[in-house]
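Descriptive analysis of the structure
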Amino acid sequence: MRKRCLAAVFLTVLLFSCAACSAVQGDRSGQESTAADTEAESGEQSGEIEVPQTLGTLAYDREMEPDYAEGFRIDYYEGGFALITIESEGQYLVVPEGETAPEGLDGAITVLYRPIANVYLAASAVMDMYVSLDALDDIRFSALDADGWYISEAAEKMEAGDIVYAGKYSAPDYELILSEGCGLAVENTMIYHTPEVKEELESLGIPVIVDYSSYESDPLGRMEWIMLYGVLTGREEQAAEVFDAQAALYESEEGEESGATVAFFYITSTGAVNVRKSSDYLPRMIEQAGGTYIFEDLGDEEETASSTVSMQMEEFYAAAKDADYLIYNSTIEGEVESMDDFLALSPLLENFKAVSEGHVYCTTKNLYQASMELGTITSDIRKMLNGETGDMEYLYQVEE
């Protein structure tokens, strides 16, 4: 069983290894982490994890199985103990404040003691969940600089010094994180590109949870991960209220099938086109709003290591030139200011039907960080399809 990160033994170890720790600090751009959250990157799939009917000396109480999410479940045991199971990752026992872990606990289960404070947040999509739970005070460290956050509450906390930059996910400032008693590191799946970082954090007594919400193909499944963070923060009821409100908004935005086709994409710095797989959550939001995603059967639905497909511009043109609407994803390469800027991305764009009809839209930079606003984003897509373009929050029309 892993020890808590406040254990004095690890602080002692740190005093003798500060120089080595400092050497691994990364640059402070932090943009790598933001881009990482837009894709579901590779991580080893461990299969279904068995949930025990007794947990050490604790008897089983009840299950909270998500209605839409497939990547986690929560089981409660007597005394308010909660066992989080992340199917691709492992199990985490959340111990109520003032209690201790039960005897005889399986050593593979990570123990988290509430309150879980001074969190190091490297999974940027999770920040919006903490904001929605009024739990920003639980976060002390960020893998993004203040200028990398498009969530105003997070940026303000960093500018005030309440949340501090502690190195990007691939090169955290171990000395800083450990010296202030980090209770948990929340990573995205990009951490598996540098698994030694996860191993080092855990060896220092810092528990690590890897967020797999980006693997959920159902928009409601992505948002339902807030229930997991409700358990970590002790705000289960508030998590349920926030999720129910967004779920109701998402379901209310079901538009009449318009027959209008929509392409969602961005063009990389090398000229390739990055598009969402047909099974991804964004095409589902387009369909919920009444549109039809232009790619009917793109990508392997069973292969979840990435939510996108890259293709050459000529291939994209052949498939999407007659799309009724183009939505340009600005979260990676930046927003486009005008139609001239948009057409400068590729000479072929001028020949698209949506360009000639003035149906080109761009996302705002905060699209992916707004993980608890998928109902609102779906509403924006419906407004786009209905020509109600004056009151959109996450989309804007690209004009001359």
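If you're wondering where the values come from, they're calculated on a predicted model, not measured in any experiment. Numbers given to residues run from 1 along each chain, matching the order in which its sequence is written. Where local features are concerned, this predicted model is filtered to residues with pLDDT of at least 70; where side-chain atom pairs are given and counted, the filter is 80 or more; whole-chain, interface and lining totals use all residues. Side-chain measures were taken over the full set of non-hydrogen atoms in the model, leaving aside hydrogen atoms and water.

**Regarding the nonpolar core**
Across soluble globular proteins, nonpolar side chains have a tendency to be buried as a group. Spelled out, the test is: Nonpolar cores were defined as sets of buried Ala, Val, Leu, Ile, Met, Phe, Trp, Tyr and Cys residues, with membership established by side-chain atoms within 4.5 Å. Exposure categories follow from relative accessible area, calculated using a 1.4 Å probe and restricted to protein chains: below 20% of the type maximum is buried, above 50% is exposed, and the middle band is partly exposed. By definition in these notes, contact holds between two residues if any of their heavy atoms fall within 4.5 Å.
Counting residues in hydrophobic clusters, the biggest one holds 122 residues, and the most contacted among them are Leu232 and Phe316. If we ignore the near neighbours within four places in the chain, the residues touching Leu232 are Ile84, Val94, Leu112, Arg114, Ile116, Tyr130, Leu184 and Ile209. Listed in part, the 13 residues of the second largest apolar core include Leu83, Val95, Ala101 and Ile109.

**Let's talk about helix α9 (residues 226–233)**
Operational definition: The helix and strand labels rest on DSSP assignments: H or I over at least four residues marks a helix, E over at least two residues marks a strand, and numbering proceeds from the N terminus.
Within α9, eight of the eight residues are buried, which leaves the element mostly enclosed by the surrounding structure. Among all positions in α9, only Ile226, Met227, Leu228, Tyr229, Gly230, Val231, Leu232 and Thr233 are buried. Of the residues one or two after α9, Gly234 is the one with positive phi, at around 75 degrees.

**So, the sheet that holds strand β1 (residues 54–55)**
Defined as follows: Any two strands with at least two DSSP bridges between them are considered paired. Lines fitted to the C-alpha atoms define the axes, with helices restricted to the stretch that makes contact. Angles between their N-to-C directions range from 0 to 180 degrees.
Spatially, the six strands line up as an open sheet ordered β1-β2-β3-β4-β5-β6, and their pairing is mixed. Strand pairing shows two members of the sheet lacking a second neighbour, β1 and β6 (110–113), which therefore form its edges. The sheet contact formed by strand β3 (residues 72–77) and strand β4 (residues 81–86) spans six bridges and is antiparallel. Within β4, the position partnered with Tyr77 by the bridge is Phe81. In this fold α9 packs onto β2 (58–64), β3, β4, β5 (90–95) and β6, with an angle of close to 35 degrees to the strand it touches most, β3.

**Some thoughts on the packing of helix α10 (residues 236–252) against helix α16 (residues 374–386)**
Put simply, the rule is: The scheme is simple: roughly parallel for angles under 35 degrees, roughly antiparallel for over 145, roughly perpendicular for 65 to 115, oblique for anything else. Crossing handedness follows the turn of the near helix against the far one: under a right angle anticlockwise gives a left-handed crossing, and clockwise gives a right-handed one.
Direction vectors running N to C along α10 and α16 enclose 15 degrees, while the axes themselves pass 8 Å from each other. As far as their axial angle goes, α16 and α10 are roughly parallel. Where α10 crosses over α16, the two elements pack in a sense that is left-handed. Counting all contacts with α10, which are made through Gln246, Leu249 and Tyr250, the residues of α16 involved are Leu374, Gly375, Thr376 and Thr378.

**Details of the pattern of salt bridges**
Short version of the rule: Whenever a carboxyl oxygen of Asp or Glu lies within 4 Å of a side-chain nitrogen of Lys or Arg, that contact is scored as a salt bridge.
Inspection of every chain in the model, using the stated rule, returns 15 salt bridges. Between Glu236 and Arg114 there is a salt bridge, and its shortest N-O distance comes to 3.6 Å. Within this pair, whereas Glu236 is found in helix α10, its partner Arg114 is found in the loop between β6 and β7 (119–121), the two being separated by 122 residues in sequence. You can call Glu236 partly exposed: its relative accessible area is 24%. Its salt-bridge partner being Lys157, residue Asp137 comes within 2.7 Å of it at the nearest N-O pair.

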